[in-house]
Each structure stands twice: as structure tokens, then as C-alpha cells.
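Spelled out from the first residue to the last, the chains are:
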Amino acid sequence: MTRRFSTVGVVGLGTMGAGIAEVLARTGRTVVAVDVDEAGVTRGRGHLEHSTGRAVARGKLTAEARAALLARITCTTSLTALSDADLVVEAVPERVGLKAGVFAELDRICRPDTVFASNTSALSITEIGVRTGRPGKVVGLHFFNPTPVLKLVEVVRTVVTEPDVVDDVVAFAESLGKTPVVIGDRAGFIANALLFGYLNHAVRMYESRYASREDLDAAMRYGCGYPMGPLALLDLIGLDTAHEILGTMYRQSRDRLHAPAPLLKQMVTAGLLGRKSGRGFYTYDGPDSPTVVPDAPVAVVEPASAREVRRVGVVGTGTMATGIAEVFAKRGYDVVVRARSLDKAEAAVGRVGASLDRAVVKGRLAAADRDAALARVTPAVEFADLASCDLVVEAVAEELAVKTAVFQALDEVCRPGAVLATTTSSLPVVECAAATSRPGDVVGLHFFNPAPVMELVEVVETITTAPDVVATARRVCLDLGKRPVHCRDRAGFIVNALLFPYLNDAVKMLEAHYATADDIDHAMKVGCSLPMGPFELLDVVGLDVSLAIERALYLEFREAGLAPAPLLEHLVTAGRLGRKTGKGFRDHT
Ligand code: NAD
């Protein structure tokens with residue numbers, strides 16, 4: 001007979017426990033919530049009142065329903081109040097000894113048939129379960145933060161969990177309006193195992209001053225459509241929890257990419273735990289507040305003055321080149337599109353026109369503005385036609401020899417002081433700079449595809465780029481309505497260096513038969529609110545392109561954990577490249 005779990009205990013009323021109690025009470029369960037002391041209970045009640053109060057203010061809950069909801073939750077400091085619970089969900093801090101101790105005590109207090117669930121993010125459910133007298137009735141029930149909003153729940157079964165307990169907990173999670181996935185007991189389960197390597201990498205980038213916290217966060221929001229950047233997300237999760245999760249993952253994987261960044265430990269020791277303490281990577285206007293405030297008087301650094309840019313050259317005729325030409329022309333710059341033959345150059349200008357036409361049809365551009373933009377674009381064959389350009393953006397094939405030849409040619413013809421930019425996504429910008437006699441004028445301008453739509457541009461500074469060239473690149477991006485982020489010349493820059501190791505980890509997880517591609521995609525979309533799951537994204541990007549980026553990252557950093565997954569190599573060898581060939585991780589019809 002299916003267990004109904006009508007009385008549910010929640011132990012630990014912090015960030016997660018309070019959210020879990022709210023979700024349970026919303027669906028009519030009687031909730032007995034226990035925290036360690038009165039202060040914990042008061043804080044937990046505060047969370048509950050605040051969250052349900054906001055739901056009323058937003059019209060999602062009536063005042064009466066709120067009162068009834070809160071009345072269904074009893075808060076106490078005594079575990080013995082859980083003697084009648086059908087299910088207990090534990091959400092105390094992420095320490096195995098603490099959790100096992102709580103369950104050992106509950107084992108004595110609760111009925112023998114009471115099911116125990118831990119909300120741990122990464123700890124071993126097996127290890128927790130065997131410390132009780134009922135390991136068959138112990139599961140992981142991993143909710144996501146904020147619990148009332150995010151629909152994913154990972155149900156973790158151990159090798160000894162009784163199958164009917166798993167079935168009943170799954171049905172229970174569904175009755176809460178959640179979408180559960182069932183998986184085995186591995187550090188970090190699906191979502192955290194894939195998420196935390198990425199978050200840790202972002203901390204390391206910040207720690208090494210590779211990019212600022214704002215630029216790291218903006219890169220993932222505007223470049224990948226993530227709802228939050230990695231550092232803001234760490235502040236939401238809590239840095240102490242994140243540090244524990246990474247520690248657990250590292251102990252299991254021994255992958256250096258999971259070894260917690262030293263900065264995390266320092267911040268935790270100093271009490272900078274993120275939003276819950278009012279300060280983490282960002283400073284908030286109080287504990288538990290989402291509002292970021294300036295954390296220190298900002299030192300005023302005189303920005304280098306930017307160079308004047310009116311006339312722009314674009315070298316290349318591919319998707320990126322035509323997109324970039326369109327962006328500049330729409331904003332009022334004169335644009336020269338240079339190709340290897342006049343036919344190609346004219347065809348590229350034709351594609352700019354066609355794209356502008358589509359914008360007119362969709363009502364996003366006036367016909368007169370389209371005509372004016374198109375009139376500003378001139379096709380060209382000779383590099384000499386770029387002689388008077390103030391900025392030239394190279395967007396030819398992603399091959400070093402091809403790109404350096406373009407830069408040699410630009411060096412011969414361009415006027416002194418012209419800024420020379422490359423859109424490369426994986427080659428060293430400094431190679432392009434070194435091909436010229438003016439390396440100070442060379443910068444990376446990494447646009448994202450489709451350039452007219454994507455806001456992000458990575459402005460890549462080499463060790464030789466002049467400060468006013470960086471300032472010019474930044475100002476031009478802002479003028480185009482883009483969101484420039486600044487980083488140095490390292491493989492993958494910000495976005496690809498953060499994105500592709502995560503995608504690679506997803507392939508390794510699939511290869512290890514831990515979860516299916518559907519479950520992994522589901523976990524990342526529903527648990528982390530990502531716009532696409534990793535396998536969907538890999539099929540869209542192209543497996544050959546993805547493999548090339550992963551190889552470039554591996555060759556640059558020589559981290560074992562970055563080595564491309566053999567499964568990806570095999571799919572590429574077999575010609576399964578994703579959507580473009582109709583088959584990749586999935587078949588596309
Ligand atoms: P938290 O620090 O916000 O809350 C922990 C709560 O447990 C506090 O209220 C504390 O007073 C209470 N507590 C401590 N010892 C206790 C005891 N012996 N008995 C009863 N209560 C006790 O932590 P959190 O972020 O809510 O994390 C709780 C668990 O949920 C952890 O295992 C964490 O890994 C997991 N988790 C966290 C997130 C997240 O984003 N923060 C997401 C999913 C799962």
C-alpha cells in the first residue's frame with residue numbers, strides 16, 4: 001500500500017528547511033519543524049512569514065490561505081515532537097557527523113516504519129543510512145533553492161533502499177508539484193556534480209583576477225542566458241554549504257577541479273557566507289536580503305581615453321562576419337565588408353540586407369532605417385579598401401594560419417592608430433598581435449552568435465594590448481548596445497572556459513551510466529533554471545566544435561579533468577555532430 005506521508009517532520013529550519021516546510025504545508029501536510037535552538041526556530045519562522053507574505057503581496061496566495069498554511073506548521077526545538085511523523089526530511093548543515101547524529105536520534109524517537117530523507121547536497125546517503133537501524137527506509141530527497149520555486153527534486157536511492165520506499169517518495173514528491181528524478185548515491189548527485197565544478201572554476205577565475213565578479217556573472221548571464229552568474233549564485237547557496245559540497249565531491253573524485261578554491265575557505269572562515277550573512281562575493285543591505293549594495297568606496301581610476309571610431313572594416317563572410325557588419329551598420333557606422341572575391345563580398349552584403357529585411361517584417365526595424373543601414377555597407381576585395389578604417393574586425397575561419405595572414409595584410413594597409421580586432425573564440429589573440437608590427441593595437445572582440453541578438457562581447461586584452469585600445473573596444477561595444485566584459489588572453493576566455501568543462505562533465509556522467517541524457521538535461525533545466533540541458537546544447541553547438549574547444553582548453557591548462565570524454569570523441573569520429581548532421585546525442589528529424 002502506498003504511504004501517504006500526511007505528517008512530515010522537517011529538521012533544520014534554515015535556507016532549505018524553511019522552504020521545504022512551506023512547500024509541504026502548501027499541499028495540506030501537517031508539518032512539525034525542529035531547529036536546534038530558539039534562535040533557529042525564530043529565524044525559521046521569520047523565513048516562513050517573509051516568504052508567504054511575499055506570495056500574498058504578489059497575489060499568489062490569499063491572506064486566509066497564508067494563515068491556514070502557517071497554522072499547519074508547528075515549530076519546536078525538540079526532536080521528540082517527531083514521534084508521530086510518517087516522513088522526516090532533514091536539512092541541517094552539510095556535515096556528515098551532524099546529519100548521522102540527527103538520524104541516529106530520530107531512529108530511537110520515530111516509529112519503525114517512518115521514512116527518513118536527507119536533503120544533503122552531496123553527502124553519501126548510504127553512509128547516513130547505515131548509522132540508523134533502518135537503512136532500507138533512508139533516501140536522499142534533494143530539493144533546490146528556492147524550494148517553493150524550483151521544481152526539481154533528486155530522489156537518491158542507495159543499494160539497500162527498499163524499492164517501495166523509493167516509489168512512495170517519488171509519488172510524494174510529485175504530489176508536491178515537483179518533478180523528481182531517481183538516481184544512485186554519488187557525491188553531488190546529478191545537478192550539483194555538474195554545477196559545482198563550474199562554480200568552483202568561476203571562484204578560481206575571480207581569485208586569480210582573471211575577470212571581475214561583475215564581468216564573470218555578466219558573461220554567463222548574457223553569453224549563455226543563465227538566470228544568475230556563478231558568484232551571485234554561490235552567494236545564494238551559501239559559501240559554507242558550497243565549500244562542504246566541493247570538499248565531498250573532491251574526496252570522492254580526486255579531481256583537482258573539485259578541490260575547493262582557497263578563497264572559499266578564507267571567506268567562510270571570515271564569516272562571509274553569502275546572502276544569509278549579508279556578505280559574500282557581493283555585499284547585501286542586510287542578512288538574507290537579495291539587494292546588493294556597494295561594498296567599499298570605489299577607487300576612481302581614470303579610464304584611458306578611447307580612440308575615435310567611425311569607419312569599421314569586417315574581414316570575412318560567414319555567420320559572425322555578416323552579423324557583426326549588421327550590428328555596426330544599424331548603429332550608424334560606415335562598414336566595409338572584405339572578402340576574397342567580389343561575389344562573396346556582395347553575397348555577404350546581401351545576407352546583411354536579408355537579415356535587416358527580416359527585422360522589418362517582424363516590426364523591429366523601420367524600412368527607412370534598414371535602407372540607411374544597408375547603404376552604409378560596402379563590399380570590398382582589396383585589403384587596401386580597409387586603409388581608412390578606424391577599427392577592423394576579423395571574423396574569418398578559426399585557423400591560426402588564416403588569421404595571422406589576415407593580420408599581416410591589415411598591418412600593411414591600415415592607417416596608424418587603427419584598432420585591429422579578432423573574433424576568435426579559441427585561438428590566442430596574442431598570435432594575431434605578433435603577426436603585426438603594432439601589437440599594441442590588437443585586441444580580441446569575441447561576439448556571440450547570433451551577433452545581432454546576443455548582448456555579450458568578451459573584450460580580450462593580450463599582454464601587449466595598449467590601454468586605450470581596450471578602452472576603445474569597450475566604448476564601441478557599449479555604443480552598439482552590447483554588454484562588454486573584460487578578460488585576459490587565455491583559452492576559452494570566460495564563457496567557454498566555464499561552459500565546456502561542465503558540458504564535458506555531463507558527457508562523462510552519461511558515459512558512466514549514472515543517469516540518462518534526458519534526466520541530466522531535465523535536472524539542469526529544472527533544478528538550475530538553465531535555458532538548455534547540456535546534451536541539447538551540445539547538439540546545437542555541434543559536437544565537432546565542442547570537441548575542438550575542449551581540446552584547446554585541455555592543451556592550455558593540462559588538467560586531467562579537462563580531457564575530452566571518450567564518448568564525445570567517438571561520436572565525432574562516427575560523424576554524429578549534432579543537429580547539423582541530424583544525429584548527435586539524440587536523433588533529430
Ligand atoms: P542553513 O545553514 O541555512 O540552515 C541549517 C539550519 O539547521 C539552521 O537553521 C540551523 O540552526 C539548523 N541546525 C543546525 N544543527 C541542527 C540540529 N542539530 N538540529 C536541528 N537543526 C539544526 O543551511 P541550508 O542551506 O538550509 O542547508 C541545509 C541542507 O540542505 C544542507 O545539507 C545543504 O547541503 C542542503 N541544500 C542546500 C541548498 C542551498 O542552496 N543552500 C540546496 C539544496 C540542498
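Quick look at the structure, then. (Residues numbered from 1 in each chain as written. Predicted model: local features only at pLDDT ≥ 70, side-chain atom pairs only at ≥ 80, totals over all residues. Heavy atoms only, no water.)

Remarks on the sheet that holds strand β5 (residues 115-118)
The mixed open sheet is built from eight strands, whose spatial order is β3-β2-β1-β4-β5-β6-β7-β8. Both outer strands of the open sheet, β3 (73-76) and β8 (179-183), are each paired with one neighbouring strand and no more. The average undirected angle you get between the axes of adjacent strands in this sheet is 25 degrees. In this structure, strand β2 (residues 30-34) lies alongside β3, joined through four bridges in parallel fashion. Bridge pairing in β3 links V32 to T74. (Pairing = 2+ DSSP bridges. Helix = DSSP H or I, 4+ residues; strand = E, 2+ residues; numbered from the N terminus. Axes fitted to C-alpha atoms, helices over the stretch in contact; angles between N-to-C directions.)

Regarding the site of the ligand
The ligand sits among 25 residues. The nearest are M16, D35, E94, K99 and S121. At 2.4 Å, a side-chain N or O of E94 approaches an oxygen atom of the ligand. Expressed as a share of its isolated accessible area of 840 Å², the protein-covered part of the ligand is 88%. Of all the secondary structure elements, the ones that give two or more residues to the shell around the ligand are α1 (15-26), α4 (96-109) and β6 (138-143). The class makeup of the residues in the shell around the ligand is 11 nonpolar, nine polar and five charged. There are two domains that each give the shell around the ligand at least three residues, and those are domain 1 (7-184) and domain 2 (191-293). (Near = heavy atom within 4 Å. Polar contact = N/O pair within 3.5 Å; in protein donor to acceptor, adjacent residues only side chain to side chain. Areas by Shrake-Rupley, 256 points an atom, 1.4 Å probe, with all protein chains shown as cover. Nonpolar A, V, L, I, M, F, W, Y, C, P; charged D, E, K, R; others polar. Domains from an automatic or database assignment.)

Here's the deal with helix α17 (residues 467-479)
A rise of 1.5 Å per residue sets the reference length of α17, with its 13 residues, at 18 Å; its end C-alpha atoms lie 18 Å apart and thus fit the reference within 8%. The complete set of buried residues in α17 reads V469, V470, A471, T472, A473, V476 and C477. Its buried side turned inward, α17 meets α12 (319-330), β14 (391-394), β15 (419-422), β16 (442-447), β17 (456-461) and β18 (483-488). G481 lies just past α17 and shows a positive phi near 80 degrees. (Expected span 1.5 Å × (residues − 1). Buried < 20%, exposed > 50% of the residue type's maximum accessible area, 1.4 Å probe, protein only. Contact = heavy atoms within 4.5 Å.)

Brief notes about the packing of helix α13 (residues 342-361) against helix α14 (residues 367-375)
The contact between α13 and α14 brings their axes to 10 Å, and the two run at 165 degrees. Viewed along their axes, α13 and α14 adopt a mutual orientation that is roughly antiparallel. Judged by the sense of rotation from one axis to the other, the crossing of α13 with α14 is right-handed. Along the contact surface, α13 presents V349, V352, G353, L356, D357 and V360, while α14 presents A367, R370, A373 and L374. For the contact of α13 with α14, the class distribution of residues is seven nonpolar, one polar and two charged. (Parallel < 35°, antiparallel > 145°, perpendicular 65-115°, else oblique. Left-handed = near helix turned anticlockwise from the far one by under 90°.)

Details of the packing of aromatic side chains
Counted by the stated rule, this structure contains six aromatic pairs. With a centroid separation of 5.8 Å and an interplanar angle of 80 degrees, the aromatic rings of Y198 and Y226 are classed as edge-to-face. You can see Y198 sitting in helix α7 (residues 191-207) and its partner Y226 sitting in the loop between α8 (213-224) and α9 (230-237), a full 28 residues away along the chain. Both residues of the pair, Y198 and Y226, count as buried. Ring plane angle 85 degrees and centroid distance 5.6 Å describe the contact between Y206 and F281, whose orientation is recorded as edge-to-face. Separated by 75 residues along the polypeptide, Y206 in helix α7 and F281 in the loop between α11 (262-269) and β9 (283-284) bring together distant segments of the chain. In this structure Y206 comes out as partly exposed when scored by relative accessible area, which is 27%. Just above the ring of F383 sits the side chain of R338; from NZ or CZ to the centre is 4.0 Å. The ring of Y210 has R490 lying over it, and the distance from NZ or CZ to the ring centre is 4.1 Å. (Phe/Tyr/Trp six-rings, centres within 6.5 Å; stacked < 30°, edge-to-face > 60°. Lys NZ or Arg CZ within 6 Å of the ring centre and 35° of its normal.)

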